[in-house]
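As a plain string of letters, each chain reads:
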Amino acid sequence: MPTRPTFDQNAALIQARLRVSGKFLRVGEEKVRLRGISYGPFRPNATGDPFPEDSRLTCDLEHLWALKFDTVRLYDPPSKHLLSEAQRLGLRLIVGIPWTDHVDFLRDSALQEKIIGRVRETVTRLRDHPCVVAFLVGNEIEKTLVRWMGPPRVQQFLEQLIDVGHACSPNQLFSYATYPSTEYLIPRNADFLAVNVYLEQPAAFQNYLQRLHNLAGNKPLLITEFGLDAAVHGEAAQTETRQWFEQICAESAVAGTIWFSYTDEWFRGGEEVTGWQFGITDIARRGRLITKPMQRPPLLESGPKISVIVCTYNGAATLHACLSSLQSLSYPDYEVLVIDDGSVKEVSDIAKAFPSVRYIRQDHAGLSVARNLGAKEAWGEILAYTDDDCIADEDWLSFLAAGFDDPQWVACGGPNIPPPARNPTESVVACAPGAPAHVLITDIEAEHLPGCNLAIRKSALEAIGGFDPIYRAAGDDVDICWRLREAGGRLRFVPGAMVWHHRRYTVSDYLRQQCGYGEAEALLMKKHTQRFGWLGGARWSGAIYGDAASTANPVEGSIYHGPLGNGLFQGIYQQSPQSTLDLFSGVLGLLLLVLAAAFKMPLLVLVLLGALIASAFARMRKEASRAHPLSFVRQIQLLYLYVMQPIKREQSRLFGLIEYRVMPHWQAHPKGVSPPSRRKHWSLTLEEQTFWNEEHAGRDRFLKELRLLIQSQGGRCQMDDGWQRNDLEMSLTSWLSITYLTVTEYHGNSRCLTRVRAMGRTGLLGIIPLFACHVFLRQKAIKLITQSAENSGLSGDQL
């Protein structure tokens, strides 16, 4: 049979490696969209490898190669024969590293070391093989087990595994395959977001992809499992599903897809899995209808005329790269205009070096006037604004144009992502707060889109009178978005429409930018007073997304787990509340510090200075991504920016309020979807027991018996409403209760190990009585646990 070109073993591996490029993947400069299929896990063969015999494996890989799959997802490290055949056929491999993720692995340090050793050994052995393009350090840790161990602790362990992998192979890609029931479990240092998802309706799947993109932030999104059971739905439905799956993923900027699976042959937990038909072939490798040839869906081939408008003022340092990128766009019908706002540097020479670019100069009048001039001179019905320090992805306009598929959308925009830093300082500035960010009301609808990546219908812009000339350097995009929405228009966020956006080159440039933002906020407060709080700061209805969007910590109390932790879609609905230390950040903290120094109160000065630095450090730890590790010196520099950024921005805003005579206006913050209000409390572990059962009896039966037992004794109990990290709470007094948390581990052949944890719980003022009642509470908890276990047929730990 004909063979594809194989990887050149003599080429430099780093250049041949698959690499992350914003929301996409590339090999060299070529953008790559993976088209993969899962393979395995299988019963071990005669040599002990968890794969079919060599002859069968060779036929399988040749078959999926013939079906035009270019990537294979494995659930076990590949055998030597598999590696050899993949290289011969030019197939990429995404390698899963299996370990004991079905048990409470965080309670056993020896087990954790064993897992870390497994990751280190696998990556070290495979790191130099050209076919291995990525590793998955875990796969779908069961949702109630994550809840039992604690989402932040599980996230930290997965990040540790990825750190180990990166240390062994710095140029390799790593991630963890999560799923909707733990969509909050995203390692912050993962190179891409990998998600296993099964949805049978195209509209629901498309909407969920938008949510996943927002969780991925500035990283690529890979769907690492998707499929349909032909035994339930039929082969025709399976084939149709794959067609719309590939179409939607291409239109939604998904960087790669893995169809589940190649064959119905499947071995898991020491048993053959039967009774389902997810494979594109059956166990005997007979192809189903789904194996018929299908065309890969193209991106948008035609659309409205688009005018790309680049407004610049002395932006010669980055303008050439910006215009070069605009010459290589894949969209068929567009023009490029450069509006020079009275630059004194060589802007005109740079623009005139590109014959297709229309260069227009005006006397220096500010950014909004330049944007309006661009709109007036433009021929297109869509006006796509970007900045002179941006570099557009080649498919930028194609994704933007697709976003205008419904007249309700009057503006569209996508992410602006910092490119590789030009110097060490820029790498620090890229992690600092205050970068342009989009604000989303829903997963698709935006309240604000940054002006560096903003496309507007020309008719909609003209209908509201264009940009307001009072905004000379910043704030124009916030104002125009609010006005478009007030006029009845809707704004759409398009994840695939990305541009690279350089952050500031020096610390002084960055702080000067933040001062400009503060002054612009004062102007916005004068015009949109009701949208700001009394100390300044916009009162957004939606959530702010930006460089650190995917790094949010999965704080308990903000995650909706569903009753008893069984929700199918579990996500973060509210970030952790502001810390008390935040009161000491910015101008307020600086003012208190100055007053303490003026009144010669050295101890208070030290306390306030410590609070100011601690507030900045807490924000830095929360927001700065582990995906961009910095040296100790650079971390100190970043901490300095976290201290100074709110001071400079708020100082400039306050001076602007005085200059423009703006009176702050109190406005309640709009409420979105959020957890119910909970009183803060103390908890103390009373008892933890395990129970074994070989008849598939687990936590559900135990909790039922526990609730009946408490009620039979006249006690009051409340089952989890979905927001709590406990299954049942038994109230003893108005201020004291015992909570119970359970999980069941499944060990194959109907064998289950159920873990039960009882905790004393009290309000913030009841910590002393809680310790005083510890013995009484523990005895009561043990008695209830033991009796409930007996009633439910669970025995003591026999594992």
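All of these numbers come straight from a predicted model, not from anything done at the bench.

Rules used throughout
- Residues numbered from 1 in each chain as written.
- Predicted model: local features only at pLDDT ≥ 70, side-chain atom pairs only at ≥ 80, totals over all residues.
- Heavy atoms only, no water.
- Helix = DSSP H or I, 4+ residues; strand = E, 2+ residues; numbered from the N terminus.
- Buried < 20%, exposed > 50% of the residue type's maximum accessible area, 1.4 Å probe, protein only.
- Contact = heavy atoms within 4.5 Å.
- Areas by Shrake-Rupley, 256 points an atom, 1.4 Å probe, with all protein chains shown as cover.
- pLDDT = per-residue confidence, 0-100.
- 1 Å grid on protein atoms, 1.4 Å probe; cavity = no way out; pocket = protein on both sides within 12 Å on 5 of 7 lines; lining within 4 Å.
- Points joined across faces, edges and corners; volume = space filled by probe spheres on them.
- Nonpolar A, V, L, I, M, F, W, Y, C, P; charged D, E, K, R; others polar.
- Core = buried A, V, L, I, M, F, W, Y, C linked by side-chain atoms within 4.5 Å.
- Pairing = 2+ DSSP bridges.
- Phe/Tyr/Trp six-rings, centres within 6.5 Å; stacked < 30°, edge-to-face > 60°.
- Patch = residues over 30% accessible without salt bridge, like charges linked within 9 Å, V, L, I, M, F, W, Y side chains within 5 Å.
- Salt bridge = Lys/Arg side-chain N within 4 Å of Asp/Glu carboxyl O.
- Axes fitted to C-alpha atoms, helices over the stretch in contact; angles between N-to-C directions.
- Left-handed = near helix turned anticlockwise from the far one by under 90°.
- Polar contact = N/O pair within 3.5 Å; in protein donor to acceptor, adjacent residues only side chain to side chain.

When its secondary structure is counted, the chain shows 23 helices and 32 strands. Across the 799 residues that make up the chain, the buried fraction comes to 55%. For the chain, long-range pairs separated by at least 24 residues make up 74% of all intrachain contacts whose partners lie at least 6 apart in sequence. In the structure as shown, the chain presents an accessible area of about 34500 Å², 55% of it carried by carbon and sulfur atoms.

Turning our eyes to something else, we now look at the confidence of the model for the chain. A residue-level look at the chain finds 89% of positions with pLDDT of 70 or above and a mean pLDDT of 87. Considering only residues more than four positions removed or in separate chains, one finds that residues 5-15, a stretch of pLDDT under 50, has 16 contacts.

In this structure, the second largest pocket occupies an estimated 1600 Å³ of space. If you go around the second largest pocket, you meet 50 residues; those closest to its centre are Asp 101, Asn 139, Glu 140, Trp 266 and Arg 268. Every element with two or more residues in the lining of the second largest pocket is listed here: strand 7 (132-139), helix 5 (143-149), strand 12 (267-268) and strand 30 (736-746). If one sorts the elements of the lining of the second largest pocket by residue count, strand 30 sits on top with four residues. Grouping the amino acids of the lining of the second largest pocket by side-chain chemistry returns 25 nonpolar, 14 polar and 11 charged.

A few words on the nonpolar core. Core analysis: the largest hydrophobic core is formed by 76 residues, its most contacted members being Phe 105, Ile 141 and Phe 205. The leading source of residues in this core is helix 6 (residues 151-168), at seven residues. If near-sequence neighbours (up to four positions away) are discounted, Phe 105 is found in contact with Trp 99, Thr 100, Leu 111, Gln 112, Ile 115, Ile 141, Met 149, Val 154 and Phe 157.

This paragraph deals with unusual backbone geometry. For the peptide bond that leads from Gly 40 to Pro 41, omega is 0°, which places it in the cis range. Residues Phe 260 and Ser 261 are joined by a peptide bond in cis, for which omega reads 0°. Within the secondary structure, Ser 261 sits in the loop between strand 11 (256-259) and strand 12. Notably, Lys 68 is not glycine yet its phi reads approximately 70°, a positive angle. On the accessibility criterion, Lys 68 (56% relative accessible area) is exposed. Even without glycine at this site, His 696 takes up a positive phi of about 65°. Mapped onto the elements of the fold, His 696 is located in the loop between strand 27 (681-693) and helix 21 (699-712).

The next thing to look at is the sheet that holds strand 18 (residues 390-392). Either a parallel or an antiparallel arrangement is found when strands of a sheet pair, and the pairing is made through backbone hydrogen bonds. Read from one edge to the other, the open sheet built from three strands follows the order 18-25-20, with strand pairing classed as mixed. Where the open sheet ends on each side, the last strands, each with one partner, are strand 18 and strand 20 (416-417). Relative to strand 25 (residues 499-501), strand 20 runs parallel, the two sharing two bridges. Considered in strand 25, the bridge of Ile 417 is made with Trp 500.

What follows deals with the packing of aromatic side chains. On inspection of all chains with the given rule, the structure shows 26 aromatic pairs. Measuring from ring centre to ring centre gives 5.6 Å for Phe 205 and Phe 245, while their planes differ by 50°; the resulting arrangement is tilted. Residue Phe 205 is located in helix 7 (residues 202-216), and its partner Phe 245 is located in helix 9 (residues 235-251); the two are separated by 40 residues in the primary sequence. Grouping residues by exposure puts Phe 205 and Phe 245 together as buried. Between Phe 691 and Phe 702, the aromatic rings sit 6.3 Å apart at their centres with planes inclined by 25°, giving stacked as the arrangement. With a gap of 11 residues between them, Phe 691 in strand 27 and Phe 702 in helix 21 connect regions that are remote in the sequence.

A contiguous nonpolar surface patch, about 690 Å² in accessible area, is contributed by Leu 591, Leu 595, Phe 599, Met 601, Leu 603, Leu 604 and Val 607. Among the secondary structure elements, those contributing two or more residues to the nonpolar patch are helix 18 (586-598) and helix 19 (602-623). Considering every element that reaches the nonpolar patch, the biggest residue donor is helix 19, with three residues. Along the chain, the position of Leu 604 falls in helix 19. Residue Leu 604 is classed as partly exposed on the basis of its relative accessible area, which comes to 35%.

On to the sheet that holds strand 6 (residues 92-96). The parallel closed barrel is built from eight strands, whose spatial order is 4-5-6-7-8-9-10-11. Each adjacent strand pair in this sheet contributes to an overall mean axis angle of 25°, direction not counted. Contacting strand 7 and strand 8 (173-178), helix 6 runs over the sheet at an angle of about 155° to strand 8. Strand contacts of helix 7: strand 9 (193-196) and strand 10 (221-226), with the helix running at about 135° to strand 10, the strand carrying the most contacts.

Where helix 4 (residues 109-126) meets helix 6, the closest approach of the two axes is 9 Å, and the angle between their N-to-C directions is 30°. The interaxial crossing formed by helix 4 with helix 6 has right-handed handedness. Contact residues: Gln 112, Ile 115, Ile 116, Val 119, Arg 120, Val 123 and Thr 124 in helix 4; Phe 157, Gln 160, Leu 161, Val 164, Gly 165 and Cys 168 in helix 6. For the contact of helix 4 with helix 6, the residue count by class is eight nonpolar, four polar and one charged.

Take the side chain of Gln 172 next. Assignment of secondary structure puts Gln 172 in the loop between helix 6 and strand 8. Owing to a relative accessible area of 2%, Gln 172 belongs among the buried residues under this scheme. Separated by 3.3 Å, the side chain of Gln 172 and the backbone oxygen of Val 132 make a polar contact. Leaving out residues up to four positions away in the same chain, Gln 172 has contacts with Arg 17, Arg 127, Val 132, Val 133, Ala 134, Phe 135, His 166 and Asp 191.

So, about the pattern of salt bridges. Inspection of the entire model under this criterion finds 44 salt bridges. Two residues, Asp 476 and Arg 371, come together in a salt bridge whose shortest N-O distance is 2.6 Å. Taken together, the residues Asp 476 in helix 16 (residues 476-486) and Arg 371 in helix 12 (residues 367-377) connect sequence positions 105 residues apart. Just as Asp 476 is buried, Arg 371 falls in that class too. Glu 486 is the partner of Arg 531 in a salt bridge, and the nearest nitrogen-oxygen pair spans 3.3 Å. One end of the pair, Arg 531, is in the loop between helix 17 (507-527) and strand 26 (543-545); the other, Glu 486, is in helix 16, with 45 residues separating them in the sequence. Residue classification places Glu 486 among the partly exposed positions, given a relative accessible area of 48%. Among the charged side chains, a salt-bridge network with shared partners connects Arg 26, Lys 31, Asp 393, Glu 394 and Asp 395.

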